[in-house]
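Structural description and commentary
The primary structure of each chain is shown beneath.
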Amino acid sequence: MKYGYYPGCSLEGISAEYDDSIRSLFKRLDVTIEDLPGWICCGTVAAPSMSRLLGLATPLWNVARAKQAGYDQLIAPCSACLYHFKHAAQQVAESPALRAEVEAVLALGVPLASLPPTVHPLEILSADAFESRINQLVQRDLSALKAVCYYGCHISRPAKVMQFDDPENPQSMDRLMKWVGVQVLDWPSKVDCCGAHFSLIKPGIVVDLCTRLFESALEAGAEAIIVGCPMCHANLDTRQDEIAAKLGRPLNMPVLYFSQVLGFALGLSPDVLGFKKHIVDPVPLMLEKCHLSA
Amino acid sequence: MAFRHEIEALSSQNANLCFQCSKCSASCPLADMMDLKPAQVMHSIRLGREEAVLNSTAIWLCLGCETCSARCPQQVEPAAAMAAARVIALKRGIQPSVKEVGIYYRGFVDNMRLNGKIHDASVAGVTQLLTGQFTSSLPMAWKLLTHGRLKPPPLPFGGGGFRRLYNNVLAKERET
C-alpha cells in the first residue's frame, strides 16, 4: 500500500504538533508516508462559498495529483480537508458533466475517474491489522488516564460522504485509545461542533459551543480530551480561560491529539510529539498517569 | 430560472423533498442565532422567497458542520443548499448579512492566491483588522506566539498552480 500524505495548512502553521506527532507515529509503526508534491489548500468552506466550481476544483487538484503520483490512498489528518476531498470526489463521481467541467479548469490531464480514496489516519490505524502491532510496541501504560474521545464534525459525518465509522457514535478513536490502555469514558458530545473557523470571526460563538463540550467532559469525569482535528484542538486548547469564566470554575484540561497519546504510549518523547506547544501543558498529567519505567 | 432550480443547479439539492420535520433546525448548533432556521430556509427556497433567503443571517452563520445533512430523513442537505445561497448572494452583489463571515471567506481565498496554501496567521490578522477585532485578538496572538505556534509568512513563490486554476474558473464563469 502506497500512502500519500496531505498535511494541510493548519498542520504547517498553528497545529504543527499534530503534523510532528503523525509523522513520528507512522515512522514508529514502520509505515511509510510520502508528502504529496506541490499540494495546495483544500479551499475549506471559503472556496465553495465563492463559486461551486472553485469549491470543487480546489480540493480535487490535490486528489488528482495523488492519482498522478500513484498513491493507493491519500491521508489527510485534518477532518475539514478530508471532508472537502471526499465531498468533491463524490460530486464529480455522480455527475459526468460536472466532472468534465472540473477536469477542464484543472487542466492537469488527469481524468477524475477512479480517484484514490482519501482517508483520515484513524481509518488506517484503527483497522484490526494494527492492533497486535500496537500491542507489541507499547512502552508506557496509560491505564490510569481517564479521557473522552472527541470526533467533532467530519471524521464520520455525513455518512454518505465520509463512509467511515458511525456518524452519531463513532468508535475508531475509542478503540485505538483502549488498545494502549486509556480509560475511554462514554459521553454525549462526541460529534458536536466546536465552532471551527468562527474562532477568527465570532469567538463568542466558539466559546459558547466549547463551554458545552467541557461541561459534558467534566460531567463524564474526564481528565483530558482526545481529538483528531486541528480546529477542534485549537478551539479547545486555546480558549480555556474564557471558558473557565463561563463555567465559573477553574479549567486546565489537556487536549491531546490521538496521535500524541498513541505516540506517547509507544515510547515517543513529549518533545518529539510537540507537547510543549500546547497552551494547557499536558506533560504533568501524562507523566503522572503513565507508570514511567525510565 | 425559479429560485429553487437555481439552488438545485448549484448544489444538487431538491428543496421539494423537504417535508418540514425540522430535524435540521433541532440539530443545528447555531439555530438559536439564525433569523431563519434551517427548515425555514428550505421552506423559503420552495416558496421562492429569494430575498428572505439571500439576506438571511442563516446562510452566513452556517458552520458547515453537516449535522442537518446527516440527520435529514429525506436525504436533503440543507448545508449544501445554504452554500449555494451564499454563492448566489455574492453573485448578485448582496452584502453578506453577517459581514465578518463574508470578509473572512474573501480574505481566505485571496490569501490562497499568494501561495496556493494559506498562512493561517496572515488570514487571522487581516480578518481581525478588517472586522475591527484586531486589538481584542492580541492576547490570543501573544499566547500562540509564546508557545511557538505562529510562523512567519512564506514568500509568495508557490501558488502558481492555484492561481492558474483560479483564473480558469473565473474565465469559465464569465462564459456562462
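Because the structure is predicted, anything quoted here is derived from the model rather than measured.

Moving on to helix 7 (residues 78–91) of chain B. All names here are of chain B. Counted at 1.5 Å a residue, the expected span for helix 7 with its 14 residues is 20 Å, and the 20 Å between its end C-alpha atoms agrees. Counting buried residues in helix 7 gives 12 out of 14 residues, a clear majority hidden from the surface. Taken together, the buried positions of helix 7 are Pro78, Ala79, Ala80, Ala81, Met82, Ala83, Ala84, Ala85, Arg86, Val87, Ile88 and Ala89. Gly93, located one to two residues past helix 7, shows a positive phi value of around 75 degrees.

Time to look at the sheet that holds strand 6 (residues 183–184) of chain A. Residue and element names in this part refer to chain A. Read across the sheet, 4 strands follow the order 6-5-7-8 without closing on themselves; strand pairing throughout is parallel. Each edge of the open sheet is held by one strand with a lone partner, namely strand 6 and strand 8 (255–257). Pairing between strand 5 (residues 146–150) and strand 6: 2 bridges, direction parallel. In the sheet register, Ala147 faces strand 6, and the bridge partner there is Val184. The strands touched by helix 11 (residues 203–220) within the sheet are strand 5, strand 7 (224–227) and strand 8, with strand 5 carrying the most contacts at an inclination of about 145 degrees.

What follows is about the domain arrangement of chain B. Note: interface size is frequently given as the accessible area lost on complex formation between the parts. Domain assignment breaks chain B into domain 1 (3–91) and domain 2 (99–175). A C-alpha centroid distance of 27 Å is found between domain 1 of chain B and domain 2 of chain B.

Now for the pairing of strand 5 of chain A. Residue and element names in this part refer to chain A. In terms of burial, strand 5 is a largely internal element, 4 of the 5 residues being buried. Examined bridge by bridge, strand 5 and strand 7 share 4 bridges and lie parallel to one another. Bridging across to strand 7, Val148 finds its partner in Ile225.

It is worth spelling out the nonpolar core at this point. Counting 166 residues, the largest nonpolar core has Met177(A), Val182(A), Phe198(A), Ile225(A) and Phe258(A) as its most contacted members. The leading source of residues in this core is helix 4 (residues 52–68) of chain A, at 9 residues. Excluding residues that lie within four positions of it along the chain, Phe198(A) makes contacts with Pro203(A), Ile205(A), Val206(A), Leu30(B), Trp60(B), Leu61(B), Leu63(B), Val101(B) and Tyr105(B). With 5 residues, the next largest nonpolar core counts Ala234(A), Ile279(A), Met140(B) and Leu144(B) among its residues.

The next subject is the pattern of salt bridges. Taken as a whole, this structure holds 23 salt bridges over all chains when the rule is applied. Residues Lys202(A) and Glu100(B) are paired through a salt bridge, measuring 3.5 Å at the closest nitrogen-oxygen approach. One end of the pair, Lys202(A), is in the loop between strand 6 and helix 11; the other, Glu100(B), is in helix 8 (residues 99–115), on a second chain. Owing to a relative accessible area of 15%, Glu100(B) belongs among the buried residues under this scheme. Between Glu6(B) and Arg92(B) there is a salt bridge whose closest N-O contact spans 2.7 Å. Linking Glu6(B) in helix 1 (residues 3–11) with Arg92(B) in the loop between helix 7 and helix 8, this pair joins segments that are 86 residues apart in sequence. Among the charged side chains, a salt-bridge network with shared partners connects Glu17(A), Asp237(A) and Arg149(B).

Cut-offs and rules
Residues numbered from 1 in each chain as written. Chains lettered and ligands numbered in written order. Predicted model: local features only at pLDDT ≥ 70, side-chain atom pairs only at ≥ 80, totals over all residues. Heavy atoms only, no water. Helix = DSSP H or I, 4+ residues; strand = E, 2+ residues; numbered from the N terminus. Expected span 1.5 Å × (residues − 1). Buried < 20%, exposed > 50% of the residue type's maximum accessible area, 1.4 Å probe, protein only. Pairing = 2+ DSSP bridges. Contact = heavy atoms within 4.5 Å. Axes fitted to C-alpha atoms, helices over the stretch in contact; angles between N-to-C directions. Domains from an automatic or database assignment. Core = buried A, V, L, I, M, F, W, Y, C linked by side-chain atoms within 4.5 Å. Salt bridge = Lys/Arg side-chain N within 4 Å of Asp/Glu carboxyl O.

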